[in-house]
Amino acid sequence: MPAHTTLDPREIARRLGTLSIEERVQIIKSLLDAGPSGQQMPEIAASTGLGPPAVYKQLEALIGAEMVGFRSVDNNKVYWANVAVLNELFDYMLTYFGRPLPTAQDEAEGGNE
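Residues numbered from 1 in each chain as written. Predicted model: local features only at pLDDT ≥ 70, side-chain atom pairs only at ≥ 80, totals over all residues. Heavy atoms only, no water.

(A) Structural view of the packing of aromatic side chains. Under the defined criterion, the tally for this structure stands at two aromatic pairs. Ring geometry for Phe-70 versus Tyr-79: centroids 6.1 Å apart, planes at 50°, classification tilted. Among the residues examined, Phe-70 registers a relative accessible area of 39% and is labelled partly exposed. The exposure class of Tyr-79 is buried, given its relative accessible area of 5%. Taking the centre distance of 4.4 Å and the plane angle of 40° together, the rings of Tyr-92 and Tyr-96 count as tilted. Of this pair, Tyr-92 and Tyr-96 both sit in helix 5 (residues 83–97), four residues apart, which is roughly one turn of the helix. When the ring centre of Phe-70 is taken as reference, the NZ or CZ atom of Lys-77 above it lies at 4.5 Å. (Phe/Tyr/Trp six-rings, centres within 6.5 Å; stacked < 30°, edge-to-face > 60°. Buried < 20%, exposed > 50% of the residue type's maximum accessible area, 1.4 Å probe, protein only. Helix = DSSP H or I, 4+ residues; strand = E, 2+ residues; numbered from the N terminus. Lys NZ or Arg CZ within 6 Å of the ring centre and 35° of its normal.)

In structure tokens form, the structure reads like this:
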């Protein structure tokens, strides 16, 4: 077990479930691309092609799972990906489930390198 993780299996499952919605993954990608400066909702909507109401709804879920944070700047909310939480989630998955297993196609092509 990674020494730094505080997540239990229930929390891992909850966060993975949060990422099971395509729009949420698009939003996380947009925020990761933006970096620590983050993005306002109109920027997220433009980069994902989602309407503002859909972005707002999905941001609520991502904030609830602590995968996205926000700060107020000039009466506007700026959203950012919580990279520490995302890293902890994927570190847990890699530690417990490892690297992907080779598929039959990989083996037929000479193995997984």
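There's more to say after this.
(B) View of the nonpolar core. Counting 22 residues, the largest nonpolar core has Ile-27, Val-55 and Met-67 as its most contacted members. Counting residues per element, the ones that place at least two in this core are helix 2 (22–34), helix 3 (41–48), helix 4 (52–64), strand 2 (76–81) and helix 5. Those residues within four positions of Val-55 in sequence are excluded, and the remaining contacts are Ile-27, Met-41, Ile-44, Ala-45, Thr-48 and Leu-50. (Core = buried A, V, L, I, M, F, W, Y, C linked by side-chain atoms within 4.5 Å. Contact = heavy atoms within 4.5 Å.)

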